[in-house]
Amino acid sequence: MDLYLIRHTSVAVPKGVCYGQTDVPLRDTFVEESRPIADLLPDDLQMAYTSPLSRCIRLASRLPVPDVILDDRLKELNFGEWEMQPWNEIDRDQLNAWMERYVDAHPPGGENYRELERRVLSFLKYIQRTSARRVAVVTHAGPIRALVAHAIGLPLINSFNLRISPGSVTRLYIRPNDAELVYLNGTGV
């Protein structure tokens, strides 16, 4: 199965603001940023799945596929009480404690990275049971990192070494007992 993992384009949120699952708008440069994505995708995509957040739906609606399916499991990390707060205004002690153990620690009222991983792996198992062989997945940096880390055996804590830029496409070819990763646009380690 070929998965084309596509991160939404740039958001219209001030730099330094935590916005995980908040439904934020895209920048005015959306059309310009989204144009190159189509050139990186095969002509024979069978379907697309997308996070239900508008920043992903808007991009998914531009893809050359017959069906786009919304899936809550593709949402970004839920930062709970930190959503839409400037990072530099979040309680330092809480933030530092979370940063030291973000894989297993929760932001207040939010989820940890391992919970996000369970969500996206549940999604992965689901689509692997379908007959589709070329699938676009429009989502966020957190889910893409978790999927890639799982596929290549990278410890989850090291997945933040993967740079997943807005508007980037990462091709993940999954075979029954192996996976191959190809960075197509704006991503890298």
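Everything here concerns the structure above.
Residues numbered from 1 in each chain as written. Predicted model: local features only at pLDDT ≥ 70, side-chain atom pairs only at ≥ 80, totals over all residues. Heavy atoms only, no water.

J.: Explain the state of the cysteines to me, please; I cannot follow it from the model alone.
T.: Here is the idea: a disulfide is a covalent bond, and it sits between the sulfur atoms of two cysteines. Taken as a whole and assessed by the stated rule, the structure comprises zero disulfides. Cys18 carries a free sulfur, and the closest cysteine sulfur to it, the one in Cys56, is 16 Å from it. Given the relative accessible area of 1%, Cys18 is considered buried. A residue is classified by how much of its surface remains accessible, and Cys56, at 0% relative accessible area, is buried. (Disulfide = S-S within 2.5 Å. Buried < 20%, exposed > 50% of the residue type's maximum accessible area, 1.4 Å probe, protein only.)

J.: In this structure, what is going on with the packing of aromatic side chains? I would like to understand it.
T.: Two descriptors summarise a pair of aromatic rings, namely the distance from one centre to the other and the angle between the planes of the rings. Scanning all chains against the criterion turns up 11 aromatic pairs. Seen in terms of ring centroids, Tyr102 and Tyr113 are 6.0 Å apart; in terms of plane orientation they differ by 45°. Their pairing is tilted. Taken together, the positions of Tyr102 in the loop between helix 3 (92-100) and helix 4 (113-128) and Tyr113 in helix 4 put the pair 11 residues apart, joining distant regions of the chain. Take Tyr113: its relative accessible area is 2%, and that puts it in the buried class. Measuring from centroid to centroid gives 5.1 Å for Tyr102 and Phe160, while their planes differ by 80°, and the two rings are edge-to-face. A residue pair is termed long-range when its members are at least 10 positions apart, and Tyr102 in the loop between helix 3 and helix 4 and Phe160 in the loop between helix 5 (141-152) and strand 5 (163-175) qualify at 58 residues. Relative accessible area serves as the criterion here: at 14%, Tyr102 is assigned to the buried category. Taken together, Phe79, Trp82, Trp87, Trp98, Tyr102, Tyr113 and Phe160 form an aromatic cluster joined through their ring pairs. (Phe/Tyr/Trp six-rings, centres within 6.5 Å; stacked < 30°, edge-to-face > 60°. Helix = DSSP H or I, 4+ residues; strand = E, 2+ residues; numbered from the N terminus.)

J.: How should the pattern of salt bridges be read in this particular structure?
T.: Should their charged atoms come close, side chains of opposite charge can pair. Per the counting criterion, the structure on display carries seven salt bridges. Here Asp2 makes a salt bridge to Arg134, at a shortest N to O gap of 3.5 Å. Pair noted here: Asp2 is in strand 1 (residues 2-7) and Arg134 is in strand 4 (residues 134-139), with a separation of 132 residues, a long-range link. Asp2 gets classed as buried once you look at its relative accessible area, which sits at 7%. According to the relative accessible area criterion, Arg134 is partly exposed, its value standing at 26%. Residue Asp2 is joined to Arg171 by a salt bridge in which the shortest nitrogen-to-oxygen separation is 2.9 Å. Of this pair, Asp2 sits in strand 1 while Arg171 is found in strand 5, placing the two residues 169 residues apart along the sequence. By relative accessible area, which is 19% here, Arg171 ends up buried. Salt bridges linked by common partners bring Asp2, Asp44, Arg134 and Arg171 together as one network. (Salt bridge = Lys/Arg side-chain N within 4 Å of Asp/Glu carboxyl O.)

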